[in-house]
Amino acid sequence: MNKLWLRLALRMARAIVSIQFHSMSPSGKNNPVPLRVAGREDESVRVLISRERIRKRIKELARKIRADFQGEPLHLVGVLKGAVFFLADLARQMPGEVSFDFIAVSSYGDETHSSGQVRLTRDLDSSIEGKTVIVVEDILDTGMTMQYLLSIFQQRKPKHLRVAALLDKPERRLTAVQADYVGFRIPNEFVVGYGLDYAERYRNLLDVGVLTIGKARKKKSARRKHKKAANDDRASS
Ligand code: PRP
């Protein structure tokens with residue numbers, strides 16, 4: 001009898017340890033502890049949108065887009081690098097004929113001011129003339145990038161031109177650009193994960209989270225401003 005109790009107690013202890021471990025896992029579903037990366041102890045990430053919510057929402061978006069263009073081949077254009085996971089998941093949830101291509105841009109500006117000037121650094125591989133094009137972005141922030149992209153894509157005479165953005169931060173918009181398909185409207189927080197980076201880090205997180213550096217959450221800063229700061233760090237080290 002004593003042995004039975006001992007076994008039961010051991011099993012319960014193991015179960016408790018396993019539950020605690022799971023809940024502390026950096027990218028776990030019910031993660032109460034912000035993720036910290038070794039060597040970056042001053043940075044932490046709190047989950048804002050879980051991978052389950054992302055997966056579910058992308059499925060809904062894919063169905064909605066397909067329903068709007070029934071029977072038509074769809075050409076997805078991903079904006080590097082942030083949109084890679086979103087495009088990959090969206091494409092795989094979309095029934096019917098789908099092709100895709102990628103484009104890359106960079107923007108000018110100093111550390112504190114974005115000039116709003118965007119420059120093409122990698123063009124598409126193929127023409128979009130006559131195609132139904134869905135521009136796929138991870139985030140619409142000021143809207144400068146998308147405004148630039150739409151202006152060049154429109155000149156190339158696609159049959160239809162639409163925008164799908166996983167995240168939309170309307171508070172920061174400086175242009176009239178809107179996405180036709182939005183995954184999540186988010187507050188003005190600096191988010192990373194699921195393709196979004198800080199200094200090229202955190203893109204590989206499965207969830208989208210809010211980045212904290214030191215004690216303060218990152219706020220009100222353009223993504224490109226952080227990118228510039230991170231590049232400067234790298235250049236001076
Ligand atoms: C991010 C994001 C969008 C853009 C949105 O790209 O992927 O392309 O900023 O910002 P905007 O609406 O203010 O123009 P980023 O320049 O960080 O490059 P990345 O995708 O390589 O991370």
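Up top is the structure these notes are about.
Described below are features of the structure shown in this document. This is a predicted model, so every value here is computed, not measured.

**Describing the site of the ligand**
Item 1. Near the ligand you find 16 residues, and of these Glu 137, Asp 138, Thr 142, Gly 143 and Thr 145 are the closest.
Item 2. The backbone of Asp 141 places a nitrogen or oxygen atom 2.9 Å from an oxygen atom of the ligand.
Item 3. Side-chain polar atom of Arg 203 to an oxygen atom of the ligand: 3.0 Å apart, as the coordinates give it.
Item 4. About the coverage of the ligand: the protein hides 93% of its 490 Å² of free accessible area.
Item 5. Where the shell around the ligand is concerned, the elements lending two or more residues are β6 (132–140), α4 (144–155) and α5 (223–236).
Item 6. For the shell around the ligand, a count of residues per class yields 3 nonpolar, 4 polar and 9 charged.

**Topic: the pattern of salt bridges**
Item 1. Evaluated as defined, the whole model comprises 14 salt bridges.
Item 2. Taking the shortest distance from any N to any O, the salt bridge between Lys 64 and Asp 68 comes out at 3.1 Å. Highlighted residues: Lys 64 and Asp 68, both in helix α2 (residues 51–68), separated by 4 residues, approximately one helical turn.
Item 3. Between Asp 197 and Arg 203 there is a salt bridge; the shortest N-O distance is 3.6 Å.

**Points about the nonpolar core**
Item 1. Among the nonpolar cores identified, the biggest contains 29 residues, and Ile 65, Phe 86, Leu 90 and Leu 167 are the most heavily contacted of them.
Item 2. When residues of this core are traced back to their parent elements, those giving at least two are α2, β3 (74–80), α3 (84–92), β6, β7 (160–168), β8 (181–185) and β10 (208–213).
Item 3. With residues near it in sequence (within four places) discarded, Leu 90 still touches Ile 58, Leu 61, Ala 62, Ile 65 and Val 136.
Item 4. In this structure, Leu 124, Val 133, Leu 149 and Ala 179 belong to the second largest nonpolar core, which totals 22 residues.

**A short note on the pairing of β3**
On any regular strand, side chains alternate: one points to one face of the sheet, the next to the other face.
Item 1. In terms of burial, β3 is largely enclosed, as 6 of its 7 residues are buried.
Item 2. The pairing of β3 with β6 spans 5 bridges and is classified as parallel. Across the sheet, the residue bridging to Val 77 is Val 135, located in β6.

Parameters at a glance
- Along each chain, residue indices are assigned from 1 in the same order as the chain's sequence is written.
- Under the rules for a predicted model, residues below a pLDDT of 70 receive no local features and side-chain atom pairs below 80 are neither given nor counted, while totals for whole chains, interfaces and linings still include all residues.
- Excluding hydrogens and water, the side-chain figures rest on all heavy atoms present in the structure.
- Proximity is defined per residue: if any heavy atom of the residue lies within 4 Å of a molecule or strand, that residue is considered near it.
- Under the rule applied, a polar contact is a pair of N or O atoms within 3.5 Å (in protein, one hydrogen donor and one hydrogen acceptor; residues adjacent in sequence only if both atoms are side-chain atoms).
- Each accessible area is a Shrake-Rupley result for a 1.4 Å probe, and residues are judged covered by the shown protein chains and nothing else.
- Strands are runs of DSSP state E lasting at least two residues, helices are runs of H or I lasting at least four, and both sets are numbered from the N terminus onward.
- In this classification, the charged set is Asp, Glu, Lys and Arg, the nonpolar set is Ala, Val, Leu, Ile, Met, Phe, Trp, Tyr, Cys and Pro, and all remaining amino acids, among them Gly, are polar.
- In the sections that follow, a salt bridge refers to a side-chain nitrogen of Lys or Arg positioned within 4 Å of a carboxyl oxygen of Asp or Glu.
- By nonpolar core we mean a set of buried residues, namely Ala, Val, Leu, Ile, Met, Phe, Trp, Tyr and Cys, connected to one another through side-chain atoms within 4.5 Å.
- Relative accessibility thresholds used throughout: buried, under 20% of the residue-type maximum; exposed, over 50%; partly exposed, between the two (1.4 Å probe, protein chains only).
- The criterion used for residue contact is that any of the two residues' heavy atoms lie within 4.5 Å.
- One bridge is not enough; two strands pair if DSSP finds at least two bridges between them.

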